[in-house]
Amino acid sequence: MSEITQKIKEELLIRCEESKQKNGYDFWNEHIKYVVQNAVKLAEEYGADSEIVELGALLHDIAMPSQYGPAHQHHIFGAEITEQLLTNLNYPKEKIQQVKNCVLNHRGSIERPRETIEEQCVADADVIAHFDCIPSLFSLVYKEKNLSIAEGKEYVRKKLQRDYNKLSVRTKEKLKTRYETIMNILFVN
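Chains are numbered independently. Their residues run from 1 in the order of the written sequence. In keeping with the predicted nature of the model, local features appear solely for residues at pLDDT of at least 70, side-chain atom pairs appear and are counted solely at 80 or more, and the whole-chain, interface and lining totals rest on all residues. Hydrogens are left out, water is left out, and the side-chain values use all remaining heavy atoms of the structure.

**Student:** Explain the overall build of the protein chain to me, please; I cannot follow it from the model alone.
**Tutor:** When helices and strands are counted, the protein chain shows 10 helices and 0 strands. Strands here are runs of E lasting at least two residues and helices are runs of H or I lasting at least four, both read from the DSSP assignment and numbered beginning at the N terminus. Counted from the first residue to the last, the protein chain has its helices and strands arranged as α-α-α-α-α-α-α-α-α-α. For a compact globule the rule gives 2.2 Å times the number of residues to the power 0.38, and the radius of gyration it is set against comes from C-alpha atoms. Compactness check: the protein chain gives a C-alpha radius of gyration of 16 Å against a globular reference of 16 Å for 189 residues, within 12% of the reference. For every residue, the accessible area (1.4 Å probe, protein chains only) is compared with the maximum for its type, and the residue is labelled buried under 20%, exposed over 50%, or partly exposed between those bounds. Counting across all 189 residues of the protein chain, residues that qualify as buried make up 46%. What makes two residues a contact is simply this: any of their non-hydrogen atoms within 4.5 Å. The contacts of the protein chain with a sequence gap of at least 6 include a subset with a gap of at least 24, amounting to 61%. Per-residue accessibility takes into account occlusion by the displayed protein chains alone, with areas from the Shrake-Rupley method and a 1.4 Å probe. Carbon together with sulfur atoms contributes 49% to the accessible area of the protein chain, which is approximately 9900 Å² in total.

**Student:** Looking at this model, I keep getting lost on the nonpolar core. Mind explaining?
**Tutor:** One recurring pattern in soluble globular proteins is that nonpolar side chains are buried together. Residue types Ala, Val, Leu, Ile, Met, Phe, Trp, Tyr and Cys, when buried and joined through side-chain atoms within 4.5 Å, form a set referred to as a nonpolar core. Core analysis: the largest hydrophobic core is formed by 54 residues, its most contacted members being L59, L86, Y91, F131 and L160. The leading source of residues in this core is helix α2 (residues 27-46), at 10 residues. Excluding anything up to four places from it in sequence, Y91 contacts I4, E51, I52, L55, L86, I96 and V99.

**Student:** I would appreciate a short explanation of the packing of aromatic side chains in the present structure.
**Tutor:** The relation between two aromatic rings is expressed through the spacing of the ring centres and the mutual angle of the planes. Working definition: a ring pair exists when centres of Phe, Tyr or Trp rings (six-membered ring for Trp) sit within 6.5 Å. Plane angles under 30 degrees give stacked, over 60 give edge-to-face, the rest tilted. Taken as a whole, this structure holds 5 aromatic pairs when the rule is applied. Summarising the aromatic geometry, the rings of Y164 and Y179 are spaced 3.9 Å apart at their centres and angled 5° between planes, so their arrangement reads as stacked. With a gap of 15 residues between them, Y164 in helix α9 (residues 149-165) and Y179 in helix α10 (residues 169-186) connect regions that are remote in the sequence. The class for Y179 is buried, based on a relative accessible area of 11%.

**Student:** Quick question: what am I supposed to make of the pattern of salt bridges here?
**Tutor:** A side chain of one charge can pair with a side chain of the opposite charge if their charged atoms are brought near each other. Here, a salt bridge means any side-chain nitrogen of Lys or Arg that lies within 4 Å of a carboxyl oxygen of Asp or Glu. Under the counting rule described, the total for this entry stands at 11 salt bridges. With a shortest N-O distance of 3.8 Å, E154 and K158 are connected by a salt bridge. With E154 and K158 both in helix α9, this residue pair falls 4 residues apart, about one helical turn. Under the relative-accessibility criterion, K158 is labelled partly exposed at 41%. Through salt bridges with shared partners, one network takes in E17, K20 and D26.

**Student:** I keep staring at the packing of helix α5 (residues 74-88) against helix α6 (residues 93-104) and nothing clicks. Help me out?
**Tutor:** In a pair of packed helices, the angle between the axes and the distance between the axes together describe the arrangement. Two elements in contact, α5 and α6, have axes separated by 8 Å at closest approach and are oriented at 155°. When the interaxial angle is binned, α5 and α6 end up roughly antiparallel. For the element pair α5 and α6, the recorded crossing hand is right-handed. Listed contacts from α6 to H75, I76, G78, A79, T82, E83, L86 and T87 of α5 are I96, V99, K100, V103 and L104. Residue polarity follows a fixed list, in which Ala, Val, Leu, Ile, Met, Phe, Trp, Tyr, Cys and Pro are nonpolar, Asp, Glu, Lys and Arg are charged, and the others, Gly among them, are polar. When the residues that make up the contact of α5 with α6 are grouped by side-chain class, the tally is 7 nonpolar, 4 polar and 2 charged. Angles shown run from 0 to 180 degrees and are taken between the N-to-C directions of axes, each axis being a line fitted to C-alpha atoms and, for helices, limited to the stretch in contact. The cut-offs work like this: below 35 degrees is roughly parallel, past 145 is roughly antiparallel, 65 to 115 is roughly perpendicular, and the gaps in between are oblique. Throughout, a crossing is termed right-handed when the near helix is turned clockwise from the far one, and left-handed when it is turned anticlockwise from it by less than a right angle.

**Student:** What is the right way to read the layout of surface pockets from this model?
**Tutor:** One simple way to see leftover space: roll a probe sized like a water molecule over the atoms. Its volume calculated, the largest pocket comes out at about 1100 Å³. Taken together, 37 residues line the largest pocket, and the ones lying closest to its centre are F27, D61, M64, H130 and L140. Counting residues per element, the lining of the largest pocket draws most heavily on helix α8 (residues 134-144), at 6 residues. Taken together, the residues of the lining of the largest pocket break down into 13 nonpolar, 13 polar and 11 charged. Cavities and pockets are defined on a 1 Å grid built over the protein atoms alone: a cavity is a set of grid points where a 1.4 Å probe fits but cannot escape, while a pocket is an open set with protein on both sides within 12 Å along at least five of seven lines, and lining residues are those with an atom within 4 Å of any such point. Grid points are joined across faces, edges and corners, and a volume is the space filled by probe spheres set on the points.

Below you can see the structure in the form of structure tokens.
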């Protein structure tokens, strides 16, 4: 981990802890740490710029614990926060834009092209993180959305299915057996 990524991680952890104290959701332990772990692995495997990918993974959801802007636009507001944080740390402008693009283009539910391998690594890692922490999805549907057991089960099933289908071809192939196993275990009729 470079000095810049360490500083960004420290800032992110502060924001995540403050958000957890206010809202009870632990963005770091229930999502972001998995995205970072997976993104770093994918960057290494796919030959991406590991620093750009790691920063993109750390910052991809920064607007959420920062409680900045509406959640459905967290990728846009996250890119603004990313630019501000990295500029304050004197990070090179061309690299700031690369990290911002990772943040802007990480969401599978938004039709935005991923033009670099770094953007794809962060987007794929975000999806894989949902498979790493499935209990957080069930917490969302039962605690936050207050759905019935059947409705919550169907919501999570469709969410995982959509996520899997939005992966890049090679990451989808890597995750195929795991995806099928999870779906068969959790959603047996």
